[in-house]
Amino acid sequence: MDYNGIIYVVGTPIGNLSDLSDRAKRVLSEVDFIAAEDTRVTLKLLNHLGIKKPMISYFEHNKLQRGEEICARILGGESCAIVTDAGMPCISDPGEELIKQCAEKGIRTEVVPGPSAVISALCVSGLATGRFTFEGFLSVNKKSRKEHLEALLNETRTMIFYEAPHKLANTLKDFYDTFGVRKLTIARELTKLHEEIIRTDTEEALRHYGDGSLKGEMVLVLEGATLKEEKAVTLEDAVSIAEKLIESGTKASEAAKEAAAVTGFKKNDIYRELI
Ligand code: SAM
(Lines give C-alpha, C1' and ligand atoms only; values in the text may rest on other atoms or scores of the structure.)
Protein backbone atom coordinates (compact mmCIF):
# COMPACT_ATOMS: atom_id res chain seq x y z
CA MET A 1 0.00 0.00 0.00
CA ASP A 2 1.10 3.51 -0.78
CA TYR A 3 0.40 5.60 2.30
CA ASN A 4 1.68 8.94 1.00
CA GLY A 5 -0.69 11.84 0.50
CA ILE A 6 -3.92 9.90 0.76
CA ILE A 7 -7.15 9.88 2.74
CA TYR A 8 -9.00 6.67 3.56
CA VAL A 9 -12.71 6.70 4.40
CA VAL A 10 -12.88 3.84 6.89
CA GLY A 11 -16.10 2.14 7.97
CA THR A 12 -16.24 0.98 11.60
CA PRO A 13 -18.77 -1.37 13.29
CA ILE A 14 -22.30 -0.19 14.10
CA GLY A 15 -22.35 -2.40 17.19
CA ASN A 16 -20.47 -5.65 16.81
CA LEU A 17 -16.71 -5.12 16.93
CA SER A 18 -16.10 -8.32 14.97
CA ASP A 19 -17.49 -6.51 11.93
CA LEU A 20 -14.33 -4.45 11.59
CA SER A 21 -12.50 -5.70 8.51
CA ASP A 22 -8.86 -6.79 8.43
CA ARG A 23 -8.20 -4.09 5.89
CA ALA A 24 -9.72 -1.43 8.17
CA LYS A 25 -7.46 -2.66 10.98
CA ARG A 26 -4.39 -2.52 8.73
CA VAL A 27 -5.17 0.96 7.40
CA LEU A 28 -5.86 2.32 10.90
CA SER A 29 -2.56 0.96 12.13
CA GLU A 30 -0.51 2.19 9.16
CA VAL A 31 -1.78 5.70 8.41
CA ASP A 32 0.04 8.70 9.92
CA PHE A 33 -3.02 10.02 11.72
CA ILE A 34 -6.74 9.46 12.20
CA ALA A 35 -9.43 12.13 11.90
CA ALA A 36 -12.14 11.02 14.32
CA GLU A 37 -15.64 12.34 15.03
CA ASP A 38 -15.13 11.74 18.76
CA THR A 39 -11.59 10.85 19.72
CA ARG A 40 -12.79 9.20 22.98
CA VAL A 41 -15.00 6.76 21.06
CA THR A 42 -12.28 5.97 18.53
CA LEU A 43 -9.71 5.58 21.30
CA LYS A 44 -11.79 2.71 22.69
CA LEU A 45 -11.76 1.01 19.30
CA LEU A 46 -8.02 1.55 18.88
CA ASN A 47 -7.36 0.21 22.39
CA HIS A 48 -9.43 -2.86 21.56
CA LEU A 49 -7.28 -3.35 18.44
CA GLY A 50 -4.03 -2.60 20.27
CA ILE A 51 -3.29 0.34 17.96
CA LYS A 52 -1.64 3.58 19.09
CA LYS A 53 -2.12 6.43 16.66
CA PRO A 54 -2.23 10.24 16.72
CA MET A 55 -5.79 11.51 16.35
CA ILE A 56 -7.36 14.81 15.42
CA SER A 57 -10.99 15.56 16.12
CA TYR A 58 -13.18 16.35 13.13
CA PHE A 59 -16.84 17.07 13.73
CA GLU A 60 -19.73 19.28 12.70
CA HIS A 61 -18.59 22.47 14.43
CA ASN A 62 -14.90 22.47 13.52
CA LYS A 63 -15.13 20.81 10.13
CA LEU A 64 -14.23 23.73 7.83
CA GLN A 65 -11.11 24.89 9.63
CA ARG A 66 -10.08 21.33 10.57
CA GLY A 67 -10.70 20.21 6.99
CA GLU A 68 -8.14 22.74 5.72
CA GLU A 69 -5.64 21.58 8.36
CA ILE A 70 -6.13 17.92 7.45
CA CYS A 71 -5.85 18.60 3.70
CA ALA A 72 -2.65 20.59 4.26
CA ARG A 73 -1.10 17.67 6.14
CA ILE A 74 -2.11 15.21 3.43
CA LEU A 75 -0.76 17.50 0.71
CA GLY A 76 2.45 17.56 2.73
CA GLY A 77 2.70 13.79 2.24
CA GLU A 78 0.92 12.37 5.30
CA SER A 79 -1.76 9.71 5.16
CA CYS A 80 -5.03 10.01 7.03
CA ALA A 81 -8.01 7.80 7.87
CA ILE A 82 -11.33 9.39 8.64
CA VAL A 83 -13.62 7.47 10.99
CA THR A 84 -16.82 8.32 12.84
CA ASP A 85 -18.35 6.87 15.99
CA ALA A 86 -20.03 4.05 14.08
CA GLY A 87 -20.64 2.98 10.51
CA MET A 88 -19.58 4.72 7.33
CA PRO A 89 -18.30 8.28 7.59
CA CYS A 90 -20.10 10.80 5.36
CA ILE A 91 -23.52 9.11 5.78
CA SER A 92 -25.40 11.39 8.24
CA ASP A 93 -21.99 11.73 9.83
CA PRO A 94 -18.94 14.00 9.48
CA GLY A 95 -16.80 13.43 6.42
CA GLU A 96 -18.84 14.73 3.51
CA GLU A 97 -17.23 18.21 3.64
CA LEU A 98 -13.75 16.80 4.15
CA ILE A 99 -14.00 14.51 1.15
CA LYS A 100 -15.36 17.43 -0.91
CA GLN A 101 -12.37 19.51 0.14
CA CYS A 102 -10.03 16.63 -0.73
CA ALA A 103 -11.70 16.22 -4.12
CA GLU A 104 -11.29 19.93 -4.86
CA LYS A 105 -7.59 19.72 -4.01
CA GLY A 106 -7.08 16.57 -6.07
CA ILE A 107 -6.18 14.48 -2.99
CA ARG A 108 -6.26 10.73 -3.56
CA THR A 109 -9.16 9.10 -1.75
CA GLU A 110 -9.82 5.43 -1.07
CA VAL A 111 -12.69 3.77 0.69
CA VAL A 112 -12.39 0.96 3.20
CA PRO A 113 -16.05 -0.08 3.26
CA GLY A 114 -17.65 -1.23 6.46
CA PRO A 115 -21.16 -1.62 7.88
CA SER A 116 -23.68 1.14 7.43
CA ALA A 117 -27.01 1.21 9.27
CA VAL A 118 -28.93 2.31 6.17
CA ILE A 119 -27.96 -0.66 3.99
CA SER A 120 -28.05 -3.13 6.88
CA ALA A 121 -31.62 -2.09 7.78
CA LEU A 122 -32.81 -2.18 4.18
CA CYS A 123 -31.45 -5.69 3.70
CA VAL A 124 -33.38 -7.12 6.65
CA SER A 125 -36.51 -4.99 6.16
CA GLY A 126 -38.36 -7.50 4.02
CA LEU A 127 -39.40 -4.55 1.80
CA ALA A 128 -38.48 -3.86 -1.82
CA THR A 129 -34.74 -3.27 -2.17
CA GLY A 130 -34.49 -2.75 -5.95
CA ARG A 131 -34.94 1.02 -5.70
CA PHE A 132 -34.73 3.02 -2.49
CA THR A 133 -34.09 6.52 -1.15
CA PHE A 134 -32.14 7.49 1.94
CA GLU A 135 -33.81 10.36 3.80
CA GLY A 136 -31.38 10.68 6.71
CA PHE A 137 -32.75 12.24 9.92
CA LEU A 138 -36.03 14.15 9.78
CA SER A 139 -35.83 17.71 11.05
CA VAL A 140 -36.87 18.40 14.64
CA ASN A 141 -38.72 21.41 13.28
CA LYS A 142 -42.37 20.41 12.89
CA LYS A 143 -42.93 22.42 9.71
CA SER A 144 -39.79 21.21 7.91
CA ARG A 145 -40.54 17.61 8.92
CA LYS A 146 -44.08 17.90 7.58
CA GLU A 147 -42.84 19.41 4.30
CA HIS A 148 -40.21 16.70 3.96
CA LEU A 149 -42.78 13.92 4.46
CA GLU A 150 -45.40 15.51 2.21
CA ALA A 151 -42.85 15.72 -0.59
CA LEU A 152 -42.49 11.93 -0.26
CA LEU A 153 -46.20 11.14 -0.52
CA ASN A 154 -45.99 9.77 -4.07
CA GLU A 155 -42.50 8.31 -3.69
CA THR A 156 -42.70 4.75 -4.98
CA ARG A 157 -39.24 3.70 -3.83
CA THR A 158 -38.62 2.24 -0.38
CA MET A 159 -37.66 5.08 1.98
CA ILE A 160 -35.08 4.81 4.76
CA PHE A 161 -34.89 7.17 7.73
CA TYR A 162 -32.45 7.42 10.61
CA GLU A 163 -34.19 8.00 13.91
CA ALA A 164 -33.41 8.84 17.51
CA PRO A 165 -35.59 7.06 20.11
CA HIS A 166 -36.84 10.27 21.75
CA LYS A 167 -38.24 11.45 18.40
CA LEU A 168 -39.85 8.16 17.42
CA ALA A 169 -43.33 8.90 18.80
CA ASN A 170 -43.67 12.11 16.76
CA THR A 171 -42.31 10.48 13.65
CA LEU A 172 -44.70 7.53 13.87
CA LYS A 173 -47.61 9.94 14.22
CA ASP A 174 -46.40 11.99 11.25
CA PHE A 175 -45.90 8.82 9.17
CA TYR A 176 -49.46 7.66 9.83
CA ASP A 177 -50.94 11.13 9.28
CA THR A 178 -49.06 11.59 6.01
CA PHE A 179 -48.97 8.14 4.45
CA GLY A 180 -51.93 6.32 6.01
CA VAL A 181 -51.37 2.58 6.36
CA ARG A 182 -48.07 1.45 4.84
CA LYS A 183 -45.65 -1.35 5.66
CA LEU A 184 -42.92 -0.23 8.03
CA THR A 185 -39.87 -2.01 9.37
CA ILE A 186 -38.13 -0.77 12.48
CA ALA A 187 -34.58 -2.14 12.54
CA ARG A 188 -33.32 -1.69 16.08
CA GLU A 189 -29.92 -2.20 17.69
CA LEU A 190 -28.52 -3.90 14.59
CA THR A 191 -25.59 -6.25 15.20
CA LYS A 192 -25.96 -5.73 18.98
CA LEU A 193 -27.18 -8.02 21.75
CA HIS A 194 -30.77 -6.76 21.58
CA GLU A 195 -31.06 -6.58 17.81
CA GLU A 196 -34.70 -6.58 16.77
CA ILE A 197 -36.35 -6.40 13.37
CA ILE A 198 -39.94 -5.23 13.81
CA ARG A 199 -41.93 -5.76 10.61
CA THR A 200 -45.14 -3.87 11.11
CA ASP A 201 -47.19 -1.10 9.50
CA THR A 202 -47.58 2.59 10.22
CA GLU A 203 -50.89 2.17 12.05
CA GLU A 204 -49.81 -0.73 14.26
CA ALA A 205 -46.44 0.92 14.94
CA LEU A 206 -48.18 4.08 16.16
CA ARG A 207 -50.44 1.99 18.40
CA HIS A 208 -47.58 -0.02 19.92
CA TYR A 209 -44.69 2.43 19.97
CA GLY A 210 -46.41 5.83 19.85
CA ASP A 211 -45.74 6.19 23.58
CA GLY A 212 -42.00 6.48 22.92
CA SER A 213 -41.21 3.28 24.81
CA LEU A 214 -38.95 1.82 22.15
CA LYS A 215 -35.32 2.50 22.97
CA GLY A 216 -31.96 2.08 21.28
CA GLU A 217 -30.61 3.00 17.87
CA MET A 218 -33.04 2.47 15.06
CA VAL A 219 -33.64 2.82 11.37
CA LEU A 220 -37.12 3.13 9.88
CA VAL A 221 -37.76 1.52 6.51
CA LEU A 222 -41.01 2.62 4.91
CA GLU A 223 -42.79 1.02 1.99
CA GLY A 224 -43.08 3.19 -1.13
CA ALA A 225 -46.39 4.35 -2.58
CA THR A 226 -48.34 2.02 -4.82
CA LEU A 227 -49.68 4.28 -7.52
CA LYS A 228 -52.97 2.95 -8.83
CA GLU A 229 -52.85 2.66 -12.57
CA GLU A 230 -55.73 4.73 -13.77
CA LYS A 231 -57.35 3.01 -16.70
CA ALA A 232 -57.76 5.48 -19.53
CA VAL A 233 -61.43 6.16 -20.36
CA THR A 234 -62.17 5.56 -24.05
CA LEU A 235 -64.82 7.08 -26.32
CA GLU A 236 -66.44 3.66 -26.24
CA ASP A 237 -66.83 3.97 -22.45
CA ALA A 238 -68.35 7.43 -22.86
CA VAL A 239 -70.84 6.15 -25.43
CA SER A 240 -71.77 3.23 -23.21
CA ILE A 241 -72.49 5.64 -20.32
CA ALA A 242 -74.72 7.70 -22.64
CA GLU A 243 -76.52 4.55 -23.87
CA LYS A 244 -77.32 3.54 -20.30
CA LEU A 245 -78.74 7.00 -19.64
CA ILE A 246 -80.89 6.74 -22.79
CA GLU A 247 -82.16 3.32 -21.67
CA SER A 248 -83.32 4.91 -18.46
CA GLY A 249 -85.24 7.59 -20.36
CA THR A 250 -82.78 10.44 -20.91
CA LYS A 251 -82.84 12.16 -24.30
CA ALA A 252 -79.82 11.39 -26.55
CA SER A 253 -78.51 14.98 -26.56
CA GLU A 254 -78.82 15.22 -22.75
CA ALA A 255 -77.20 11.77 -22.31
CA ALA A 256 -74.27 12.82 -24.53
CA LYS A 257 -73.89 16.01 -22.50
CA GLU A 258 -73.82 14.12 -19.18
CA ALA A 259 -71.43 11.46 -20.50
CA ALA A 260 -69.17 14.24 -21.82
CA ALA A 261 -69.14 15.87 -18.41
CA VAL A 262 -67.94 12.72 -16.62
CA THR A 263 -65.49 11.44 -19.23
CA GLY A 264 -64.02 14.59 -20.72
CA PHE A 265 -64.95 13.61 -24.31
CA LYS A 266 -66.71 16.15 -26.52
CA LYS A 267 -70.51 16.01 -26.42
CA ASN A 268 -70.71 16.02 -30.23
CA ASP A 269 -68.29 13.09 -30.60
CA ILE A 270 -70.43 11.01 -28.21
CA TYR A 271 -73.70 12.15 -29.78
CA ARG A 272 -72.43 11.20 -33.27
CA GLU A 273 -71.92 7.60 -32.08
CA LEU A 274 -75.42 7.44 -30.63
CA ILE A 275 -77.43 8.29 -33.74
N1 SAM B 1 -22.77 6.84 9.45
C2 SAM B 1 -23.54 5.88 10.18
C3 SAM B 1 -23.81 4.66 9.30
O4 SAM B 1 -23.29 4.62 8.19
O5 SAM B 1 -24.49 3.74 9.72
C6 SAM B 1 -24.79 6.48 10.74
C7 SAM B 1 -24.54 7.57 11.73
S8 SAM B 1 -25.95 8.41 12.28
C9 SAM B 1 -25.23 9.72 13.18
C10 SAM B 1 -26.56 7.39 13.56
C11 SAM B 1 -27.89 6.76 13.22
O12 SAM B 1 -27.68 5.56 12.49
C13 SAM B 1 -28.69 6.33 14.43
O14 SAM B 1 -29.46 7.38 14.97
C15 SAM B 1 -29.56 5.24 13.87
O16 SAM B 1 -30.64 5.77 13.17
C17 SAM B 1 -28.59 4.58 12.89
N18 SAM B 1 -27.84 3.48 13.52
C19 SAM B 1 -26.55 3.46 13.83
N20 SAM B 1 -26.21 2.28 14.38
C21 SAM B 1 -27.32 1.53 14.41
C22 SAM B 1 -27.65 0.22 14.86
N23 SAM B 1 -26.71 -0.56 15.40
N24 SAM B 1 -28.91 -0.21 14.72
C25 SAM B 1 -29.85 0.58 14.17
N26 SAM B 1 -29.62 1.82 13.74
C27 SAM B 1 -28.38 2.29 13.85
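Residues numbered from 1 in each chain as written. Predicted model: local features only at pLDDT ≥ 70, side-chain atom pairs only at ≥ 80, totals over all residues. Heavy atoms only, no water.

**Here's the deal with unusual backbone geometry**
Applied cut-off: Secondary structure elements are taken from DSSP: a helix is a run of H or I of four residues or more, a strand is a run of E of two residues or more, and numbering for both begins at the N terminus. To sort residues, take the accessible area from a 1.4 Å probe on protein chains only and compare it with the maximum for the residue type: under 20% means buried, over 50% means exposed, and anything in between is partly exposed.
The phi torsion at E189 lies on the positive side, around 50°, for a residue other than glycine. Within the secondary structure layout, E189 lies in the loop between β8 (183-188) and β9 (196-201). Judged by relative accessible area, which is 15%, E189 ranks as buried. Of note in this structure, T191 is not a glycine but carries a positive phi near 65°. Of note, T191 is situated in the loop between β8 and β9.

**So, the domain arrangement of the chain**
Applied cut-off: What marks off one domain from the next here is an automatic or database domain assignment.
The domain architecture assigned to the chain consists of domain 1 (6-115), domain 2 (118-222) and domain 3 (235-274). Computed from C-alpha atoms alone, the centre-to-centre distance between domain 2 and domain 3 is 48 Å.

**Describing the sheet that holds strand β5 (residues 108-112)**
Put simply, the test is: Pairing between two strands is assigned when DSSP locates at least 2 bridges connecting them. For helices, the fitted axis covers only the stretch in contact; all axes are lines through C-alpha atoms, and the angles between them, taken along N-to-C directions, range from 0 to 180 degrees.
The 5 strands are arranged β3-β2-β4-β1-β5 in an open sheet whose pairing can be described as parallel. If you trace the sheet from one side to the other, it starts and ends with β3 (55-57) and β5, each paired once. Between one strand and the next, the sheet's axes are offset by a mean angle of 25°, whatever the strand orientation. Pairing of strand β1 (residues 6-10) with strand β4 (residues 79-83), which is carried by 4 bridges, proceeds in the parallel orientation. Note that in β4 the partner of V9 across the bridge is I82.

**A look at the pairing of strand β6 (residues 132-137)**
Sheet faces and side chains relate simply in a regular strand, where the side chains alternate between the two faces. Definition in use: Orient the strands so they point away from the viewer; a crossover is then right-handed if the path from the first strand over the helix to the second runs clockwise.
Inspection of the sheet shows β6 paired to strand β7 (residues 158-163) by 5 bridges, in the parallel sense. Its bridge partner lying in β7, T133 is registered against M159. Taking the sense of rotation as the criterion, the β-α-β connection linking β6, helix α6 (residues 142-150) and β7 turns out right-handed.

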